[in-house]
Amino acid sequence: MALFRYTSAKFPEVQKVCPAAVSVLLRGYSTDQCGLKAILAEKIPKQQNQIKEFRKKYGNTKVGDVTIDMMYGGMRGIKGLVWEVSLLDPDEGIRFRGLSIPECQKKLPHAPGGTEPLPEGLFWLLLTGDIPTDAQVKALSKEWARRAELPSHVVTMLNNMPSKLHPMAQLSAALTALNSESVFAKAYSDGVPKSKYWEYTYEDSMNLIAKLPVIAATVFRNTYRDGKGVGAIDENKDISANYCSMLGFDNPEFVELMRLYLTIHSDHEGGNVSAHTTHLVGSALSDPYLSFAAGLNGLAGPLHGLANQEVLIWLEKLRKQVGDDFTEESLKDFIWKTLKSGQVVPGYGHAVLRKTDPRYTCQREFALKHLPNDPLFKLVAAVYKVVPPILTELGKVKNPWPNVDSHSGVLLQYYGLKEMNYYTVMFGVSRALGVLAQLIWSRALGLPIERPKSMTTEMLMKQYGK
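Residues numbered from 1 in each chain as written. Predicted model: local features only at pLDDT ≥ 70, side-chain atom pairs only at ≥ 80, totals over all residues. Heavy atoms only, no water.

## Section: the overall build of the chain
Okay, so step 1: On a plain count of helices and strands, the chain comes out with 23 helices and three strands.
Okay, so step 2: Relative to the compact-globule value of 23 Å for 466 residues, the chain shows a C-alpha radius of gyration of 23 Å, a close match.
Okay, so step 3: Taking the principal axes of its C-alpha atoms as reference, the chain extends roughly 75 × 65 × 45 Å.
Okay, so step 4: For the chain, buried positions account for 51% of its 466 residues.
Okay, so step 5: The long-range fraction of contacts in the chain, counting pairs at least 24 apart against all pairs at least 6 apart in sequence, stands at 75%.
Okay, so step 6: Carbon and sulfur atoms provide 54% of the accessible area of the chain, an area that totals close to 22,200 Å².
Okay, so step 7: Between the centroid of the 54 positive side chains of the chain and the centroid of its 47 negative side chains there is a distance of 4 Å. (Helix = DSSP H or I, 4+ residues; strand = E, 2+ residues; numbered from the N terminus. Rg over C-alpha atoms; globule rule 2.2 N^0.38 Å. Buried < 20%, exposed > 50% of the residue type's maximum accessible area, 1.4 Å probe, protein only. Contact = heavy atoms within 4.5 Å. Areas by Shrake-Rupley, 256 points an atom, 1.4 Å probe, with all protein chains shown as cover. Lys, Arg positive; Asp, Glu negative; His and termini not counted. Charge placed at Lys NZ, Arg CZ, Asp CG, Glu CD.)

Pasting the structure below:
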């Protein structure tokens, strides 16, 4: 009863939003004080029953056709994965629980005086499908701050890593070491029933997200700064503000950029490498630390999370060639030379999208508002006008429009974060929000170990060749 009185007094909004909150807390499932887990406990059984009935009625219905090109083309376009938290539409771009990025910017809670959505609100939306209140977002910020402390062995490990080790390798190694703290791994070892898997996955995921900025900031300080401690977490700040403070950046505009960055990079449905890898490893019932560490190792690849670095390198080459007083013709000449040499224009095209990436657009709007006269931004804006017509004329590119990587590095450079090898770490801090929200739902829905059927080229030729 003491817990009942505490919950009622400290978080009365939980009682109004979710009647199951107190009963879940009283059963001892969670130390969660923000009410989010209790809301999930009410939603999950409803979705479980909905899916059960749907499969019973339509389980044998075929969804699409698989071609040999799809099999050899990295399974691109094959519909074979359930991903609840986001959907990528070729024409509209990413939707988080049905909301576009502009809608998220408008509807999700902001920090006092801010205009960009708080990542806490986005995580709440991804996990529940509901837009949270300001009070719920503030409670979640405090919850993450409460869980942020690192175990001593992880701190020791981080502080003894060689500074030459790539920041992504440091991040992945530290997360793997956090496996020692996994409540899911312990619960599984103790024989917890499958119906409870999601609760322990939730606890691990909340702890991981809370600790991730601390680890990421420690990696940054040790690799690029003086190696001194990142400082204490402030419970009255949101996760973006705390992350920026630990990095050593206190510019309010940069904090707003971080809020936008962490929100728009959080998820891009389930087929991309980092999301799919986290899902795949998690389907083997590896705990969230091991699963997300695997996803980070995929994110570190040059065809995924490293793309914004390649954009910056290409832009600097372009700027060196054409200068800041460039003309449209000089840009076209450089771009045609790039293409004719067999190279691509980095930051353009996308595996799914067939229009300008909305994540590019919102970053462009941020730049127009805060840094319209920055030379590198002006170059990016000019390239935006020139490249799509050239790629269209070339006739070989399905999507001639820019993607998210065309812009993110330029904004970070402007505010003084110039260490390009670190950018993917920031991407990883954001991507945790989406893939871990889905991992919780994967365990709640009892999704099985992933095991697609493969075929040899000989089998394919024998069965389908003529």
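Text resumes after the structure shown.
## Quick notes on the pattern of salt bridges
For side chains of opposite charge, pairing can occur when their charged atoms come near one another.
Okay, so step 1: For the structure on display, the rule yields 16 salt bridges.
Okay, so step 2: Counted as one network, the salt bridges with shared partners bring together Asp-32, Lys-37, Glu-143, Arg-146, Arg-147 and Glu-203. (Salt bridge = Lys/Arg side-chain N within 4 Å of Asp/Glu carboxyl O.)

## Side note on the sheet that holds strand S2 (residues 93-96)
Okay, so step 1: With respect to topology, three strands assemble into an open sheet ordered S1-S2-S3, the strand pairing being antiparallel. Since the sheet does not close on itself, it has two edges, and those belong to strand S1 (86-89) and strand S3 (99-100), each with one partner.
Okay, so step 2: Note that S2 and S3 share two bridges and pair antiparallel. Bridged to Phe-96 within S3 is Leu-99. (Pairing = 2+ DSSP bridges.)

## A few points about the UniProt feature "active site" (unreviewed entry) in the chain
Okay, so step 1: Residues annotated by UniProt as "active site" (unreviewed entry) correspond here to His-304, His-350 and Asp-405. The annotated residues occupy 102 residues of the chain but converge on a single region, no pair of C-alpha atoms lying more than 11.0 Å apart.
Okay, so step 2: Structurally, His-304 can be placed in the loop between helix H16 (288-299) and helix H17 (307-322).
Okay, so step 3: In this structure His-304 comes out as buried when scored by relative accessible area, which is 15%.
Okay, so step 4: Contacts of His-304, omitting those with residues within four sequence positions, involve Asn-272, Val-273, Ser-274, Gly-298, Leu-299 and Arg-431.
Okay, so step 5: At a separation of 2.9 Å, a polar atom in the side chain of His-304 contacts the side chain of Ser-274.
Okay, so step 6: Take Asp-405: it is sitting in the loop between helix H20 (375-394) and helix H21 (408-414).
Okay, so step 7: Relative accessible area serves as the criterion here: at 10%, Asp-405 is assigned to the buried category.
Okay, so step 8: With residues near it in sequence (within four places) discarded, Asp-405 still touches Ala-307, Asn-308 and Val-311. (UniProt positions renumbered as here; feature names shortened; annotations may be inferred. Polar contact = N/O pair within 3.5 Å; in protein donor to acceptor, adjacent residues only side chain to side chain.)

## What about the pairing of S1?
Okay, so step 1: Here S1 shows one buried face, formed by Ser-86 and Leu-88, and one open face, formed by Leu-87 and Asp-89.
Okay, so step 2: Both S1 and S2 contribute to a ladder of four bridges, which runs antiparallel. Residue pairing for S2: Leu-87 is matched across the bridge by Arg-95.
Okay, so step 3: Linking two consecutive strands that pair antiparallel, namely S1 and S2, is a turn of three residues.

## As for the side chain of Thr-278
Okay, so step 1: Mapping Thr-278 onto the fold places it in helix H15 (residues 273-283).
Okay, so step 2: Classification of Thr-278 as buried rests on a relative accessible area of 1%.
Okay, so step 3: One polar contact links the side chain of Thr-278 to the main-chain carbonyl oxygen of Ser-274, over a distance of 2.8 Å.

## Thoughts on the environment of Phe-377
Okay, so step 1: Counting through the fold element by element, Phe-377 comes out in helix H20.
Okay, so step 2: You can call Phe-377 buried: its relative accessible area is 2%.
Okay, so step 3: Setting aside its immediate chain neighbours within four residues, Phe-377 contacts Arg-364, Ala-367, Leu-368, Leu-371, Pro-372, His-407 and Val-410.

## Here we look at the packing of helix H12 (residues 197-224) against helix H22 (residues 423-444)
Okay, so step 1: Contact pair H12 / H22: the axes reach a minimum separation of 9 Å and the direction vectors enclose 175°. By the criterion of interaxial angle, the relationship of H12 to H22 is roughly antiparallel. For the pair formed by H12 and H22, the contact residues are Tyr-197, Trp-198, Thr-201, Tyr-202, Ser-205, Leu-208, Ile-209, Leu-212, Pro-213 and Ala-216 on the first element and Val-425, Gly-428, Val-429, Ala-432, Leu-433, Leu-436, Leu-439, Ile-440, Arg-443 and Ala-444 on the second.
Okay, so step 2: Of the residues assigned to the contact of H12 with H22, the class counts are 16 nonpolar, three polar and one charged. (Axes fitted to C-alpha atoms, helices over the stretch in contact; angles between N-to-C directions. Parallel < 35°, antiparallel > 145°, perpendicular 65-115°, else oblique. Nonpolar A, V, L, I, M, F, W, Y, C, P; charged D, E, K, R; others polar.)

## Structural notes on the nonpolar core
Okay, so step 1: Counting 118 residues, the largest nonpolar core has Phe-123, Tyr-243 and Leu-417 as its most contacted members.
Okay, so step 2: Sort the elements by how many residues they give to this core and H22 lands first, with 14 residues.
Okay, so step 3: Not counting chain neighbours up to four residues away, the residues in contact with Leu-417 comprise Phe-220, Leu-247, Phe-249, Phe-254, Leu-412, Tyr-422, Tyr-423 and Met-426. (Core = buried A, V, L, I, M, F, W, Y, C linked by side-chain atoms within 4.5 Å.)

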